[in-house]
Amino acid sequence: IFVDSIHPINHSQQLSHNHPITSINQITMSSESKPKVVLAYSGGLDTSVILKWLCEKGFDVVAFCADVGQHHEDFEAVKAKALNAGAIKCVVTDLRKEFVTDYIFEALKCNAIYEGRYLLGTSVARPCIAKEMVRIAAEEGAGFIAHGATGKGNDQVRFEMCAQALDAKLKCIAPWRDAEFIESFKGRSDLLAYCTKHGIPVDAKPKSNYSIDENLFHTSYESGVLEDANETYEESMFKMTVSPQAAPETSTTIELEFVKGVPVKLTNKTDGTVKTDPLELFMYANEIAGANGIGRIDIVENRFVGIKSRGVYETPGGTLLRDAHVDLEGICMDREVKRITEGMGIEFARLCYNGFWFAPEMDLIRHAVDFSQRDVTGVVTMELYKGNIIARGRTSPYALYNPDLASMDIEGGGESFDYNPSDAAGFIRINAVRLKTYAALRAKTQE
């Protein structure tokens, strides 16, 4: 039985025009079979309501839950909740290792950071999730995908841009942009009432004063009380890190080994722990960095949709690995290559943040970055102490650093290099020509 506002006609017509769905009532239904939709499902209030609402609208709903390292998540309970709410199937996919190797490490290789501060913890997870969502849609024969992202945020753009890049035939249903849905659910009380009406269990714990997004890369906090850019937060909010003040009084010394820009080994020199598996290495980096109060930021950033947003983030392992990677590049990457890759890192971050992971320009950047990393191999020693990451040394078989050439105690370049300090005078004079020309022009125009 379908709602009155959806008119039964041949289902084959519903995919004949690839236009955006602004209202679910634009979708035509078949009298013979229900259309199938894959819903990005978390088990939370919003997506539980959306699941049931889609069922009421005449869809067969396949709930999809991505395991990207959410903290203490009970996926069996999430699966049971989805099925009880009306899903015909609930697929839970463990994406943690793929998330680390194919997404986090890709961002790490170019030291990606958005607006100089944000390490892209949410942004880099979305293409990983979207790719699996598209795969499930193809496997299940679904013509639609759906998500619970709001109409003011970045995630709606990321999910839909990635999905369209991977399968342009898929239609996307975004209830928080649907006029009927918005009219029906104007606030949390309406969502809770709907759950009560339909017997959907709701977490009895009080609602947080902010919204939380978590994965093994980071935890983010925004909205609620944090919408006041000058409002502070409670220490109890954090999940992955202790405050620097509460961190141990003794430091932790580690060694991080990289091969072609990718971390391959983490050794805790303090207690002897060694990790080499990519997922285990990253999770252990989270553990030791978080225990030392590393990786917290509180920023106001620019969303792609044109809105400024305040976010508090904790990214302990990512902060540690990025610092070590930047340090290693200093010893084994050419100066001009470094200058160019810094620009590519900024562009990588912008594309990732804005949802263009599967765009051709991102492919170009990732291939170029891979080339730049061919000699970024070596070991960095770091000391972690009360929120600080202190470099203690680095070594590489491909080091461009030469002690004799750099030494203030050796007049030339040593035995290996022909370097004459007196040549610097001509070098300075040549580089000063344009400065002198500019100064002369300024003096003339100001006469």
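Residues numbered from 1 in each chain as written. Predicted model: local features only at pLDDT ≥ 70, side-chain atom pairs only at ≥ 80, totals over all residues. Heavy atoms only, no water.

(A) Helix α11 (residues 360-372), seen in detail. Helix length check: α11, at 13 residues, gives a terminal C-alpha distance of 19 Å against a target of 18 Å (1.5 Å per residue), a fit within 8%. For α11, every residue scored as buried is listed here: Met362, Ile365, Val369 and Ser372. The buried side chains of α11 occupy one side of the element, clustering within an arc of 80 degrees when seen end-on. In α11, the exposed residues that point more than 90 degrees away from the buried face are Pro360, Leu364, His367 and Phe371. Structurally, α11 contributes buried residues whose contacts are with α3 (96-109) and α10 (335-354). (Helix = DSSP H or I, 4+ residues; strand = E, 2+ residues; numbered from the N terminus. Expected span 1.5 Å × (residues − 1). Buried < 20%, exposed > 50% of the residue type's maximum accessible area, 1.4 Å probe, protein only. Arc of directions from axis to C-beta. Contact = heavy atoms within 4.5 Å.)

(B) Focus on the nonpolar core. Membership of the largest hydrophobic core comes to 76 residues, with the highest contact counts inside it found for Val38, Phe99, Ile104, Leu320 and Phe348. No other element matches the eight residues that helix α4 (residues 125-140) contributes to this core. Discounting residues that sit within four places of it in the chain, phenylalanine 99 has contacts with Val68, Ile104, Gly121, Val124, Ala125, Cys128, Asn215, Leu216 and Phe217. Listed in part, the 30 residues of the second largest apolar core include Leu45, Phe75, Ala87 and Ile200. (Core = buried A, V, L, I, M, F, W, Y, C linked by side-chain atoms within 4.5 Å.)

(C) Structural view of the sheet that holds strand β14 (residues 388-395). The antiparallel open sheet is built from five strands, whose spatial order is β10-β9-β8-β13-β14. The open sheet is flanked by β10 (274-275) and β14, the only strands paired with a single partner. In this structure, strand β13 (residues 378-385) lies alongside β14, joined through seven bridges in antiparallel fashion. Bridging across to β14, threonine 381 finds its partner in glycine 393. (Pairing = 2+ DSSP bridges.)

(D) The arrangement of the side chain of glutamate 140 in detail. Topologically, glutamate 140 is positioned in helix α4. Looking at glutamate 140, its side chain comes within polar contact range of the side chain of lysine 89, at 2.6 Å. (Polar contact = N/O pair within 3.5 Å; in protein donor to acceptor, adjacent residues only side chain to side chain.)

(E) Highlighting the sheet that holds strand β3 (residues 89-94). Spatially, β3-β2-β1-β4-β5 is the arrangement adopted by the five strands of the open sheet, whose pairing is parallel. Because the sheet does not close on itself, it has two edges, and the strands there are β3 and β5 (171-173). Across the sheet, the mean angle separating the axes of adjacent strands is 25 degrees when strand polarity is ignored. Sheet topology note: the strand β1 (residues 36-40)/strand β2 (residues 60-67) ladder contains five bridges and is parallel. Across the sheet, lysine 36 pairs through a bridge with aspartate 60, a residue of β2. (Axes fitted to C-alpha atoms, helices over the stretch in contact; angles between N-to-C directions.)

(F) Looking closely at the packing of aromatic side chains. In this structure the tally under the stated criterion is 15 aromatic pairs. Seen from their ring centres, phenylalanine 59 and phenylalanine 144 are 5.5 Å apart, and the 85 degrees between their planes marks the pair as edge-to-face. Separated by 85 residues along the polypeptide, phenylalanine 59 in the loop between α1 (45-56) and β2 and phenylalanine 144 in strand β4 (residues 144-146) bring together distant segments of the chain. Pairwise contacts between aromatic rings join Trp53, Trp176, Phe181, Phe185 and Tyr194 into one cluster. (Phe/Tyr/Trp six-rings, centres within 6.5 Å; stacked < 30°, edge-to-face > 60°.)

(G) Structural context of the pairing of β1. Of all five residues in β1, four are buried; the element is thus mostly enclosed. One ladder, built from three bridges, connects β1 with β4; its direction is parallel. Opposite valine 38, over in β4, you have isoleucine 145 as the bridge partner.

(H) Fine view of the packing of α3 against helix α8 (residues 278-291). Relative orientation of the contacting elements α3 and α8 amounts to 80 degrees, with a least axis distance of 8 Å. Taken together, the axes of α3 and α8 are roughly perpendicular relative to one another. On the side of α3, the interface is formed by Arg96, Lys97, Val100, Thr101, Ile104 and Phe105, while α8 contributes Pro278, Leu279, Phe282 and Met283. For the contact of α3 with α8, the class distribution of residues is seven nonpolar, one polar and two charged. (Parallel < 35°, antiparallel > 145°, perpendicular 65-115°, else oblique. Nonpolar A, V, L, I, M, F, W, Y, C, P; charged D, E, K, R; others polar.)

(I) Just the environment of alanine 40, in detail. Inspection of the secondary structure puts alanine 40 in strand β1. For the pair alanine 40 and leucine 51, spaced eleven residues apart in the sequence, the C-alpha separation amounts to 9.4 Å. Not counting chain neighbours up to four residues away, the residues in contact with alanine 40 comprise Thr47, Phe64, Met133, Ala146 and His147.

These figures capture arrangement, not role.
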